[in-house]
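# Coordinate inspection notes
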Amino acid sequence: QLQLAESGGGSVQAGDSLRLSCVVSGRPFTKNVVGWFRQAPGKEREFVAAIYWVAGTTEYQDSVNGRFSVSRDGPTNTAYLQMSRLRSEDTATYFCASGWVRNIRNADAYDYWGQGTPVTVSS
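Please read these numbers as outputs of a predicted model, since none were measured by experiment.

Helix and strand counts for the protein chain come out as zero helices and 11 strands. Overall, the protein chain shows an N-to-C arrangement of helices and strands of β-β-β-β-β-β-β-β-β-β-β. A compact globule built from 123 residues would reach a C-alpha radius of gyration of about 14 Å, and the protein chain, at 13 Å, matches this within 12%. Counting every position in the protein chain, which comprises 123 residues, the buried fraction comes to 44%. Pairs at least 24 apart in sequence give 56% of the contacts found in the protein chain among residues at least 6 apart. Here the protein chain displays about 6400 Å² of accessible surface, and carbon together with sulfur accounts for 43% of that area. Here the protein chain contributes 12 positive and 11 negative side-chain charges, whose respective centroids are spaced 4 Å apart.

Put into structure tokens, the structure is as follows:
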């Protein structure tokens, strides 16, 4: 049984940077992917970024590609989402998720989810 806990959200101005953390607890950790998703009020949950834990391969939504970077630290089972040049449209609650997935961009493919951390970007 895995548990995920996000942290690092907050309120920032457009153009600022923010780093989110996701601690994955439970041993052994055998999930192959950690993904980041976000959901704004009244909107659907959308894919942001993901990383294959072993290989380190990453994927990004087009709107964040070049601005966001996902990474992981194996010894601490922590995934990070470094967000730069934030825009007002990045405002949402951000979730990390993990699981053995076939399509890492599909939220329904993930087995375990954190409770989310809110990010507000003011223009």
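Now for the nonpolar core. Grouped together as the largest cluster of nonpolar side chains are 27 residues, with contacts concentrated most on Leu 20, Trp 36, Val 48, Phe 68, Leu 81, Met 83 and Tyr 94. No other element matches the four residues that strand β3 (residues 18-25) contributes to this core. One finds Phe 37, Ala 50, Val 101 and Ile 104 within the second-largest nonpolar core, a separate group that totals nine residues.

Now for the state of the cysteines. According to the stated counting rule, one finds one disulfide in the structure shown. Between the sulfur atoms of Cys 22 and its disulfide partner Cys 96 the distance amounts to 2.0 Å. Residues Cys 22 and Cys 96 share a disulfide whose torsion about the S-S bond is about 70 degrees; that sign makes it right-handed. Here the residue Cys 22 occupies a position in strand β3, and Cys 96 occupies one in strand β9 (residues 92-99), the gap between them amounting to 74 residues. Like Cys 22, the residue Cys 96 is buried in the burial classification.

For the rest of this paragraph, the subject is unusual backbone geometry. Although it is not a glycine, Asn 77 adopts a positive phi angle of roughly 50 degrees. Mapped onto the elements of the fold, Asn 77 is located in the loop between β7 (68-73) and β8 (78-83). At Arg 85, a residue that is not glycine, the phi angle is positive and equals roughly 45 degrees.

What counts, and at which threshold
- Residues numbered from 1 in each chain as written.
- Predicted model: local features only at pLDDT ≥ 70, side-chain atom pairs only at ≥ 80, totals over all residues.
- Heavy atoms only, no water.
- Helix = DSSP H or I, 4+ residues; strand = E, 2+ residues; numbered from the N terminus.
- Rg over C-alpha atoms; globule rule 2.2 N^0.38 Å.
- Buried < 20%, exposed > 50% of the residue type's maximum accessible area, 1.4 Å probe, protein only.
- Contact = heavy atoms within 4.5 Å.
- Areas by Shrake-Rupley, 256 points an atom, 1.4 Å probe, with all protein chains shown as cover.
- Lys, Arg positive; Asp, Glu negative; His and termini not counted.
- Charge placed at Lys NZ, Arg CZ, Asp CG, Glu CD.
- Core = buried A, V, L, I, M, F, W, Y, C linked by side-chain atoms within 4.5 Å.
- Disulfide = S-S within 2.5 Å.

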